[in-house]
Amino acid sequence: MRLTKQRKAISDYFAANPEHAFSVEMIYNQIGDGKMNLSTVYRNVDRLAQLGLLARTLMKNTAYYYVKKEEHQHFMICTSCFKMFPINHVIEEIIPIAIGQTDFKALAHDIVIYGICRRCQLHNEKSKVSF
Ligand SMILES: [Zn+2]
Ligand SMILES: [Zn+2]
């Protein structure tokens, strides 16, 4: 794989923040800095996802990308700060229950829990108090 300078910068940024999901705009704001435009960031992030290095999830119709772990893993994602928290329980048990008596053949699954992390909850509480 030919890793261009730009793609390497993006890949390095994700690698330095493995517990965080980012939109293309967030990456652009962090490392674009005149060196690459938004469509260049988009193209490179998309390529890294195609290569299987990044995983993708949708929140409010926006795609967020994060480093794909080698082992199968589920996450909770904070929709306020986009930090990711691994789920350390086997939640696959729900799959045969969901399929039940249908003849559906499950090939893959994507289970994500969206919510607000403790830090963002506290932050929001404080801002409520100060108003
Ligand atoms: Zn948060
Ligand atoms: Zn699973």
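Not measured: the values here are computed from a predicted model.

Engineer: In this structure, what is going on with the sheet that holds strand β3 (residues 74-78)? I would like to understand it.
Structural biologist: By way of backbone hydrogen bonds, the strands of a sheet pair with one another, either parallel or antiparallel. With mixed pairing, the three strands of this open sheet are ordered in space as β4-β3-β5. If you trace the sheet from one side to the other, it starts and ends with β4 (84-87) and β5 (112-115), each paired once. Neighbour-to-neighbour, the strand axes of this sheet turn through a mean angle of 25 degrees, independent of strand direction. Both β3 and β4 contribute to a ladder of four bridges, which runs antiparallel. Its bridge partner being in β4, Met76 is matched across the sheet by Phe85.

Engineer: Would you mind going over the UniProt feature "binding site: Zn(2+)" (unreviewed entry) in the protein with me for this structure?
Structural biologist: Here, the residues flagged by UniProt with the feature "binding site: Zn(2+)" (unreviewed entry) are Cys78, Cys81, Cys117 and Cys120. For the annotated residues, spread through 43 residues, the largest C-alpha to C-alpha distance comes to 8.2 Å, consistent with a single compact locus. Relative to the elements of secondary structure, Cys78 occurs in strand β3. Using a relative accessible area of 1% as the deciding quantity, one classes Cys78 as buried. Among residues more than four places away in sequence, those in contact with Cys78 are Lys83, Phe85, Gly115, Ile116, Cys117 and Cys120. Within the secondary structure layout, Cys81 lies in the loop between β3 and β4.

Engineer: Help me understand the coordination of the zinc ion (ligand 1) in this model?
Structural biologist: Tetrahedral coordination by four donors sets the ideal angle at the metal to 109.5 degrees; octahedral coordination by six donors sets it to 90 or 180 degrees. The protein atoms donating to the zinc ion (ligand 1) are Cys78 (SG), Cys81 (SG), Cys117 (SG) and Cys120 (SG), with metal-donor distances spanning 2.2 to 2.3 Å. Relative to the metal, the four donor atoms surrounding the zinc ion (ligand 1) lie at angles of 105 to 114 degrees, and the coordination shape comes out tetrahedral. Site description for the zinc ion (ligand 1): donor spacing in sequence, C-x2-C-x35-C-x2-C. Taken as a pair, Cys117 and Cys120 share a single burial class, namely buried.

Engineer: When you look at the side chain of Ser23 in this model, what are you seeing that I'm missing?
Structural biologist: Mapped onto the secondary structure, Ser23 falls in the loop between α1 (5-16) and α2 (24-32). Here Ser23 falls in the buried class, since its relative accessible area comes to 5%. Setting aside chain neighbours within four positions, we find Ser23 in contact with Thr62, Ala63 and Tyr64.

Engineer: I keep staring at α1 and nothing clicks. Help me out?
Structural biologist: Owing to its 3.6 residues per turn, the α-helix aligns residues three or four sequence positions apart on the same side. In a regular helix each residue adds 1.5 Å, so 12 residues correspond to 16 Å; α1 covers 16 Å between its end C-alpha atoms and thus fits that length. Those residues of α1 lying buried are Arg7, Ile10, Tyr13 and Phe14. In an axial view of α1, the angular spread of the buried residues amounts to 125 degrees, which keeps them on one side of the axis. α1 presents Lys5, Ala15 and Ala16 as exposed residues on the side facing more than 90 degrees away from its buried surface. Tucked into the core, α1 has its buried residues touching α2, α3 (38-50), β1 (54-59) and β2 (62-67).

Engineer: What should I look at first to understand the coordination of the zinc ion (ligand 2) in this one?
Structural biologist: Within the protein, the atoms that donate to the zinc ion (ligand 2) are His72 (NE2), His74 (NE2), Glu92 (OE) and His109 (NE2), at distances of 1.7 to 2.0 Å. What the four donor atoms of the zinc ion (ligand 2) show is an angle range of 93 to 119 degrees at the metal, which sorts the shape as tetrahedral. The sequence motif formed by the donor residues of the zinc ion (ligand 2) is H-x1-H-x17-E-x16-H. Residue His72 is found in the loop between β2 and β3, and its partner His109 is found in the loop between α4 (94-99) and β5; the two are separated by 37 residues along the sequence.

What counts and how
Residues numbered from 1 in each chain as written. Chains lettered and ligands numbered in written order. Predicted model: local features only at pLDDT ≥ 70, side-chain atom pairs only at ≥ 80, totals over all residues. Heavy atoms only, no water. Pairing = 2+ DSSP bridges. Helix = DSSP H or I, 4+ residues; strand = E, 2+ residues; numbered from the N terminus. Axes fitted to C-alpha atoms, helices over the stretch in contact; angles between N-to-C directions. UniProt positions renumbered as here; feature names shortened; annotations may be inferred. Buried < 20%, exposed > 50% of the residue type's maximum accessible area, 1.4 Å probe, protein only. Contact = heavy atoms within 4.5 Å. Donors = N, O, S within 2.8 Å, 3.2 Å for Na, K, Ca; no water. Tetrahedral: all angles 85-135°; square planar, octahedral: opposite > 155°, others 65-115°. Expected span 1.5 Å × (residues − 1). Arc of directions from axis to C-beta.

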